[in-house]
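# Observations on the three-dimensional arrangement
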Amino acid sequence: MDLSLTETQTILRDAANNVMEQELPKQRVREVDESETGFNQALWERMASLQWLGMVIPNEHGGTGNDYTTLAVLFEVLGYHACSSPFLDSSVLSANIIIEAGSDAQKSSILPAIARGQQILTTAITEPEYAWGPGAVKMSASSSGGGYTLNGTKVFVPWAHVADQLLVVARTASGANPADGISVFLVDRNASGVTVRQHSGWLGDKVCEVNFNNVQVDAANVVGAAGGAWGAVEKSMDRATSVLNAYMAGGAQRAYEMCRDYSTERIAFGVPIGTFQRVQDHIIVSLTEAEASKWTAYEALWRLDSGRDDAAVGISMAKAVASDGFNKACDASHNVHAGVGVDLDLGLTHYTARARTFQHYLGDATYHRRRMAELMELG
Amino acid sequence: MDFEYHYTEEQERFRAEAGAWLDANLPQELKDAGDWRDLDAAGWEQSKAFQVKLGERGWLAPTDPVERGGGGLSADSALVLIEELGKRGMRWALEQGSSSLRTALKQWGTEEQQDRYLPVISRGQATLWHLLIEPGAELDLDQLQIQANLDGDDYVLNGEGVFAGPGPRPDYLWTLTVTDPEAEPPATATFLVPAGTEGLEIHTPDTLVAGESHRITFENVWLPSICLLGGDGEGWSVMQDSLLGDPLLEYPPERDEDVANLLKYASETTRFGVALSKQPFYQQMLMEVYTNSEIVRIFRVRNAWMASTGQKLTYHQAETELLEKQAALRLSRVVREIMGIFALLGAEDPMAPIRGKFQGHQKRSLFRQNPTASGGLEVQSAAIAKRLGFDPLEAKGALTFPDEEEEEMEEEASALPSQ
């Protein structure tokens with residue numbers, strides 16, 4: 001038993017904190033969030049130069065081949081600083097699908113570019129009947145002229161407006177098992193028939209509706225076996241979720257620290273409000289939710305990195321905890337801050353928006369609890 | 001990171017030895033008893049006898065020196081012993097407050113006290129009850145109603161308190177007393193009181209869970225100074241230092257047996273032809289309580305790791321206990337939802353699920369909610385806040401202070417027309 005960070009992880013954490021403090025102070029978060037792209041290009045390039053974007057890409061494909069716990073240490077810092085970027089979607093989820101299912105040609109052409117930050121990929125999974133299991137993949141891809149034709153709509157696709165290519169998860173066949181018949185297609189964002197619209201609203205990261213109208217895809221751009229790609233997608237989603245959990249835990253930790261600090265500074269009736277037990281109760285909720293998110297996330301990462309059979313259960317459990325916990329930590333922090341909590345310059349709402357958004361991304365608590373029950377073969 | 005304990009060959013050898021001994025000596029009736037509370041009078045006597053056997057091997061205090069009644073085992077071997085007891089549903093044999101008293105004796109006791117008491121406790125020859133007082137909570141003189149006055153070389157105790165511990169009768173009481181309520185802060189002292197001392201009276205109320213707590217009155221109970229543990233004035237520190245327990249003793253944390261039983265029941269029980277565990281509404285609740293129990297387990301691993309690496313635990317144990325209590329309360333409600341009225345059936349009813357264990361669980365959950373008896377959620381929260389650096393005595397959540405209320409009332413009174 002050893003829950004300490006390795007020397008490499010400690011150095012990475014400290015370096016990442018320094019970079020974030022330099023590049024993304026609180027006031028910059030709002031500017032980035034309100035910008036058209038939703039991320040900081042200069043910071044993106046710095047992430048690439050620091051080799052962060054290839055951390056879980058194998059060395060032979062231009063990455064550094066780190067484990068997921070090490071990547072999660074970095075993501076916890078990114079979450080703490082409310083850093084938005086296509087990192088998770090491009091370098092973790094999409095890169096993993098290529099690693100798991102891609103051809104040698106796809107791996108050698110795409111993965112190094114992802115690692116260098118020169119190409120941004122995103123994965124389009126969810127549809128208007130928003131859900132994350134294989135049964136929710138309804139968009140069809142029909143075989144035509146040696147390739148495929150895509151028709152349909154994907155919604156809440158992260159970063160599609162800045163992506164160079166999309167990995168589109170679509171159905172090429174139907175059967176009794178919903179996991180069968182699912183394929184993944186590599187589609188250029190500017191391909192004919194592809195239209196991208198940014199969803200508008202109170203969202204933590206930029207997400208888009210992507211429409212496919214008779215989009216032609218060559219057979220060479222099918223990723224993995226036609227009709228047999230769900231396994232790679234699910235495995236990649238698990239890995240991305242394990243890292244997202246750490247990001248959410250970092251955000252929850254910041255929400256906790258904000259209310260803890262505020263409660264010592266804000267004076268009411270001549271004393272800091274932190275002396276009131278009712279205020280303390282909110283602070284404690286924020287603390288316990290942040291810590292539950294963190295430790296379940298790292299326990300799941302340990303299961304993942306050590307190749308345990310029960311890794312998926314742990315990842316789903318940690319996501320269920322983080323989906324609820326990040327929101328509760330923010331809600332409790334708002335309760336401590338009261339009216340000032342919604343001041344956009346204060347910064348708490350940066351976290352609340354992310355808590356609300358990531359609650360759903362890669363599956364909400366309800367979805368993951370159901371998945372846990374299935375994986376544990378209850379009943 | 002590594003969340004798993006890795007066993008050495010030496011540990012595995014000891015596991016075989018300990019397991020064989022336990023299988024040969026643990027009475028069949030005690031296997032998977034779950035808790036001393038689930039034992040009848042005969043079962044309790046069997047458990048006492050078994051504890052004496054454990055004590056003879058030094059296994060009730062596995063890491064203490066042999067000359068003090070301990071087992072002289074390494075921490076690694078003790079961990080295996082705890083696991084093997086846990087596998088047989090007997091982990092509670094090592095708890096019951098005696099480990100915290102041993103901690104207090106070793107830290108605060110004189111050589112004479114350690115020689116006298118440690119072997120008795122470590123050999124399972126003493127049943128100990130302790131005053132119910134929550135670790136980490138503020139000392140509340142209104143709740144502490146036992147006063148000790150120095151008379152010559154002896155102390156005289158008067159008052160009453162609520163005590164808890166296993167079995168129908170104790171051999172010793174471990175209590176906190178106030179010795180000078182006027183001092184700032186009030187002076188306190190802890191005593192180890194032989195239960196047969198004249199002037200003690202034990203009242204065990206009829207409660208839902210028999211024997212959970214006992215009201216004990218002290219009327220001119222004379223105690224020699226050897227019964228004083230720590231100095232006069234150090235009582236609160238003694239209690240605080242020892243009551244949270246050793247986080248290493250909680251490692252490796254066990255999976256929650258109640259949750260495991262509920263999952264098993266829900267998997268094997270159908271309603272309208274479908275297993276309860278496959279019905280979405282129940283499935284969500286099942287996974288929620290499973291997750292709650294896992295969070296507590298993972299926090300215990302964290303606490304043990306912190307303790308084993310010399311990191312200072314501050315709010316961490318109180319935080320774990322808070323979550324454990326919240327999880328238990330939620331589990332209690334979920335059990336009623338999933339088992340329905342069957343959850344209330346006792347072991348004697350042939351239709352009782354899981355041999356009626358959840359009937360006891362339902363009753364005990366009420367006890368857990370009672371802040372006076374076992375430390376409610378608020379007490380744990382106060383302990384966390386204190387360790388985070390907030391002083392809960394500065395204000396108690398009231399947003400209007402008494403002086404202001406009085407001023408407002410006076411203003412209102414002066415505004416009234418005179419009769």
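The structure presented is a predicted model; accordingly, all values stated were derived computationally and were not measured. (Residues numbered from 1 in each chain as written. Chains lettered and ligands numbered in written order. Predicted model: local features only at pLDDT ≥ 70, side-chain atom pairs only at ≥ 80, totals over all residues.)

## Quick notes on the overall build of chain B
The secondary structure content of chain B amounts to 13 helices and ten strands. By sequence separation, contacts in chain B at least 24 residues apart represent 66% of the contacts at least 6 residues apart. (Helix = DSSP H or I, 4+ residues; strand = E, 2+ residues; numbered from the N terminus. Contact = placed C-beta atoms within 7 Å.)

## Quick word on the overall build of chain A
When helices and strands are tallied, chain A shows eleven helices and ten strands. Rg of the C-alpha trace for chain A: 21 Å, near the compact-globule value of 21 Å for 379 residues, within the 12% margin. Projected onto its principal axes, the C-alpha positions of chain A cover 80 × 50 × 40 Å. Across the 379 residues that make up chain A, the buried fraction comes to 57%. Within chain A, residue pairs in contact and separated by at least 24 positions form 74% of the contacts whose partners lie at least 6 positions apart. (Rg over C-alpha atoms; globule rule 2.2 N^0.38 Å. Buried ≥ 20, exposed ≤ 12 C-beta atoms within 10 Å, placed from the backbone.)

## Focus on the nonpolar core
In this structure, Val168, Val184, Phe185, Val223 and Val243 of chain A together with Leu286 of chain B are the most contacted members of the largest nonpolar core, which totals 189 residues. Looking at which element gives the most residues to this core, the answer is helix α7 (residues 230-265) of chain A, with 17 residues. Not counting the four nearest positions on each side in its chain, valine 168 of chain A is found in contact with Ala124, Leu150, Lys154, Val184, Phe185 and Val187 of chain A. (Core = buried A, V, L, I, M, F, W, Y, C linked by C-beta atoms within 7 Å.)

## Some words on the interface of chain A and chain B
Contacts between the two partners involve 31 residues from chain A, matched on the other side by 39 residues from chain B. Elements with a minimum of two residues in the side of chain A that touches chain B: α8 (277-305), α9 (311-337) and α11 (365-375) of chain A. No other element matches α8 of chain A, which puts twelve residues into the side of chain A that touches chain B. Grouping the amino acids of the side of chain A that touches chain B by side-chain chemistry returns 16 nonpolar, nine polar and six charged. (Nonpolar A, V, L, I, M, F, W, Y, C, P; charged D, E, K, R; others polar.)

## Things to note about the packing of helix α1 (residues 9-25) of chain B against helix α3 (residues 75-87) of chain B
Between two packed helices, both the angle of their axes relative to each other and the distance between the axes serve to describe the pair. Residue and element names in this part refer to chain B. Packing of α1 against α3 leaves a shortest axis separation of 9 Å and a crossing angle of 40°. One element, α1, and the other, α3, form an angle in the oblique class. Crossing geometry of α1 relative to α3 is assigned as right-handed. Residue-level contacts link Gln11, Phe14, Arg15, Ala18, Gly19 and Leu22 of α1 to Asp76, Ser77, Val80, Leu81, Glu84 and Leu85 of α3. Residues that form the contact of α1 with α3 fall into these classes: six nonpolar, three polar and three charged. (Axes fitted to C-alpha atoms, helices over the stretch in contact; angles between N-to-C directions. Parallel < 35°, antiparallel > 145°, perpendicular 65-115°, else oblique. Left-handed = near helix turned anticlockwise from the far one by under 90°.)

## A look at unusual backbone geometry
In this chain, glutamate 184 of chain B is followed by proline 185 of chain B through a cis amide linkage whose omega measures -5°. Checked against the element boundaries, proline 185 of chain B lands in the loop between β4 (172-180) and β5 (187-194). Positioned with a positive phi, tryptophan 159 of chain A is a non-glycine residue whose angle comes to about 60°. Looking at the secondary structure, you find tryptophan 159 of chain A in the loop between β3 (147-158) and β4 (165-171). Given 27 C-beta atoms within 10 Å, tryptophan 159 of chain A falls into the buried group.

## Section: the confidence of the model for chain B
Close reading of the predicted structure is inappropriate where its pLDDT is low. Residue and element names in this part refer to chain B. The share of residues in chain B with pLDDT of 70 or more is 85%, and the mean pLDDT across the chain is 83. The model gives residues 393-406 a pLDDT under 50, and that stretch makes twelve contacts with residues more than four places away or in other chains. pLDDT under 50 marks residues 413-419. Its contacts with residues more than four places away, or in other chains, come to zero contacts. As scored by the predictor, the complex reaches a pTM of 0.87 and an ipTM of 0.94. (pLDDT = per-residue confidence, 0-100.)

## Overview of the packing of α8 of chain A against helix α8 (residues 280-308) of chain B
For the pair α8 of chain A and α8 of chain B, interaxial distance at closest approach is 10 Å and the crossing angle is 85°. Taken together, the axes of α8 of chain A and α8 of chain B are roughly perpendicular relative to one another. Listed contacts from α8 of chain B to Ala292, Trp295, Thr296 and Glu299 of chain A of α8 of chain A are Ile295, Ile298, Phe299 and Arg302 of chain B. Within the contact of α8 of chain A with α8 of chain B, the residues separate by chemical class into five nonpolar, one polar and two charged.

## Some words on the pairing of strand β1 (residues 128-131) of chain B
All names here are of chain B. Pairing geometry for β1 and β4, over three bridges, is parallel. In the strand pairing of β4, tryptophan 129 is matched with leucine 173. Examined bridge by bridge, β1 and strand β3 (residues 154-164) share two bridges and lie antiparallel to one another. Its bridge partner lying in β3, leucine 131 is registered against phenylalanine 163. (Pairing = 2+ DSSP bridges.)

## As for helix α6 (residues 104-115) of chain A
With twelve residues, α6 of chain A extends 16 Å between its outermost C-alpha atoms, agreeing within 8% with the 16 Å of an ideal straight helix rising 1.5 Å per residue. Every buried residue belonging to α6 of chain A is among Ile110, Leu111, Ala113, Ile114 and Ala115 of chain A, and all of these are buried. (Expected span 1.5 Å × (residues − 1).)

## Concerning the pairing of β4 of chain A
Residues and elements named next belong to chain A. For β4, the buried fraction is high: seven of the seven residues fall into the buried class. Side chains Gln165, Leu167, Val169 and Arg171 project from β4 onto one buried face, and the interleaved Leu166, Val168 and Ala170 project onto a second face that is buried too. When strand β1 (residues 121-124) meets β4, the two strands line up parallel, connected through four bridges. Residue alanine 124 lies in a different strand from β4, and its bridge partner there is valine 168.

## Side note on the environment of proline 186 of chain B
Residue and element names in this part refer to chain B. Tracing the backbone shows proline 186 in the loop between β4 and β5. Sequence-wise, proline 186 and leucine 139 are 47 residues apart; in three dimensions their C-alpha atoms are separated by 8.9 Å. Sequence-distant contacts of proline 186, defined by excluding residues within four places in its chain, comprise Leu139, Leu141, Val178, Asp180 and Pro181.

## Quick word on the environment of arginine 28 of chain A
Residue and element names in this part refer to chain A. Relative to the helices and strands, arginine 28 resides in helix α2 (residues 26-34). Arginine 28 gets classed as partly exposed once you count the C-beta atoms within 10 Å, which come to 17. Each C-alpha atom of the pair arginine 28 and cysteine 83 lies 9.8 Å from the other, and the pair is 55 residues apart in sequence.

## Details of the environment of aspartate 364 of chain A
All names here are of chain A. Positionally, aspartate 364 belongs in the loop between α10 (348-358) and α11. The partly exposed category is assigned to aspartate 364, around which 18 C-beta atoms lie within 10 Å. A sequence separation of 44 residues divides aspartate 364 from alanine 320, and the C-alpha atoms of the two residues are 6.5 Å apart. Those residues in contact with aspartate 364 that sit more than four places away from it in its chain are Ser323 and Gln359.

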